[in-house]
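One letter stands for each residue in the lines below.
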Amino acid sequence: MSSAISEQLGARNAEILESLTEIRSRVASSSGTSNPATLVAVSKFKPASDVQACFNHGQLDFGENYVQELEDKAKALPAEIRWHFIGTLQSNKAKVLAAIPNLYSIQTLTSTKAATALNKSLPADRSAPLNILIQINTSGEESKSGLAPLSASSLAAQAEATKLARHIIAECPRLRFQGLMTIGALERSLSAGGENDENADFECLKGTRDILAEALAAEFGIGRWGEEGTGRLLLSMGMSNDFEAALKAGSDIVRVGTGIFGARAKKE
Ligand SMILES: *Cc1c(COP(=O)(O)O)cnc(C)c1O
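Since we're looking at a predicted model, the values are computed, not measured.

Participant: I'd like to hear about helix α3 (residues 67–76), residue by residue, with values.
Facilitator: Taken together, the buried positions of α3 are occupied by Val67, Glu69, Leu70, Lys73 and Ala74. Axial view of α3: buried residues confined to an arc of 160°, hence all on one face. Of the exposed residues in α3, the ones pointing more than 90 degrees away from its buried face are Lys75 and Ala76. Packing partners of the buried residues in α3 comprise α2 (48–56), β2 (61–64), β3 (82–85), α4 (94–98) and β4 (103–109).

In structure tokens, the structure reads:
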């Protein structure tokens, strides 16, 4: 490597480490002491060297949106990394995802078809079940994918999200239903600034979690779903703009890209 390039790389790594350290300390100070939150570093469109720099600094959890990009990075980077798939999931890509040995979770499941395909494709000798979060469209925006949230008045047992959770628990032994994920409306994350501002997306996801957990406990008891099979469903909510508010609202997993790696080139 020429010294000019290695110097550039060194400057880039120093910059990333500074943002990673800052985000980590903000996550730590906003999350509860009993259950420290997981910071997923969202590395889409960023080079493998950026991921490696964070990994060298002890960061294990990374999120990717595109199957091909995830596959390439997983091959090139350390096997200890825990990859989280957070992009739109198509069932015809299940096989490729299932073959990535250190894929830790899929946070964007919305169909029984994709669940079945994943369960079928995962190798029998995998060291642990693949963690699954169901994506909920809490803002109801057409541009966002996700199943409808549950509200107290809806018939939880018949709702699509409940049916999907039931399918994972009862029919997909190589998957573990771990919780719920939302993206939420951008305008809500930008406008909520005050201490007492409630973010409607976060409240909606929490409410959905509570109703769903009750329905599942009545049907299955605990031990086969939730974090480590405890029946505690995790919430993945909060991104660069709003992760502190999300943590204060009870988020377990925050997904931060721009805050760590800087702005992304637009692919769309
Ligand atoms: C890109 C992305 C993120 C990270 O967004 P930032 O605003 O850059 O932190 C988080 N979650 C999902 C689902 C994403 O697609």
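Participant: For the UniProt feature "modified residue: N6-(pyridoxal phosphate)lysine" (unreviewed entry) in the protein, give the residues involved together with the corresponding values.
Facilitator: The feature "modified residue: N6-(pyridoxal phosphate)lysine" (unreviewed entry), as given by UniProt, occupies Lys44 in the numbering adopted here. Checked against the element boundaries, lysine 44 lands in the loop between β1 (38–42) and α2. Setting aside residues no more than four positions away along its own chain, lysine 44 makes contact with Gly63, Glu64, Asn65, Glu69, Lys73 and Arg264.

Participant: Any chance you could break down the site of the ligand for me, citing the residues and the numbers?
Facilitator: Neighbouring residues of the ligand: 13 residues in total, closest Lys44, Asn65, Ser240, Gly257 and Thr258. One of the side-chain nitrogen or oxygen atoms of serine 240 is found 2.5 Å away from an oxygen atom of the ligand. Contact between the ligand and threonine 258: an oxygen atom at 2.5 Å from a side-chain N or O atom of the residue. Notes on the ligand: free accessible area 390 Å², of which the protein chains cover 90%.

Participant: How would you sum up the pattern of salt bridges? Please name residues and give values.
Facilitator: Evaluated as defined, the whole model comprises 13 salt bridges. For glutamate 71, the salt bridge identified is with lysine 75, shortest N-O distance 3.8 Å. Linking glutamate 71 with lysine 75, this pair stays in helix α3, spanning four residues, or about one helical turn. Accessibility expressed as a relative area gives 70% for lysine 75, which makes it exposed. Where salt bridges share partners, they join Arg12, Glu15 and Asp50 into one cluster.

Participant: Which residues make up the nonpolar core, and what are the values?
Facilitator: Phe177 and Ile260 are the most contacted members of the largest nonpolar core, which totals 66 residues. For this core, the leading source of residues is helix α8 (residues 200–220), giving seven residues. Apart from residues no more than four positions distant in its own chain, isoleucine 260 is found in contact with Ile16, Ser19, Leu20, Ile23, Leu39, Ala41 and Cys54. Ranked by size, the runner-up nonpolar core spans five residues in total, among them Val40, Leu133, Met181 and Ile253.

Quick notes on the rules
- Here, residues in each chain are numbered from 1, in the same order as that chain's written sequence.
- Local features are withheld for residues below a pLDDT of 70 in this predicted model, meaning they are given only at 70 or higher, and side-chain atom pairs are given and counted only at 80 or more; totals for whole chains, interfaces and linings count all residues.
- The side-chain values count all of the structure's non-hydrogen atoms but skip hydrogen atoms and water molecules.
- Burial classification: accessible surface area is computed with a 1.4 Å probe over protein chains only, and a residue below 20% of its type maximum counts as buried, one above 50% as exposed, and the rest as partly exposed.
- Numbering goes from the N terminus for both helices and strands, where a helix is a DSSP run of H or I of at least four residues and a strand is a run of E of at least two.
- Note that the arc is defined by the directions from the helix axis to the C-beta atoms.
- When checking whether two residues touch, look at their non-hydrogen atoms; a contact exists if any pair is within 4.5 Å.
- UniProt positions are given in the numbering used here, feature names are shortened, and annotations may be inferred rather than shown by experiment.
- Residues are counted as near a molecule or strand when any one of their heavy atoms sits within 4 Å of it.
- Polar contact is the term for a pair of N or O atoms within 3.5 Å; when the atoms are in protein, one must be able to donate a hydrogen and the other to accept it, and sequence-neighboring residues count only if both atoms are side-chain atoms.
- Using a 1.4 Å probe, accessible areas were evaluated by the Shrake-Rupley method; residue-level cover was limited to the displayed protein chains.
- Basic side-chain nitrogens of Lys or Arg form a salt bridge, by our definition, when they fall within 4 Å of a carboxyl oxygen of Asp or Glu.
- Nonpolar core, defined: a set of buried Ala, Val, Leu, Ile, Met, Phe, Trp, Tyr and Cys residues in which side-chain atoms within 4.5 Å join the residues together.

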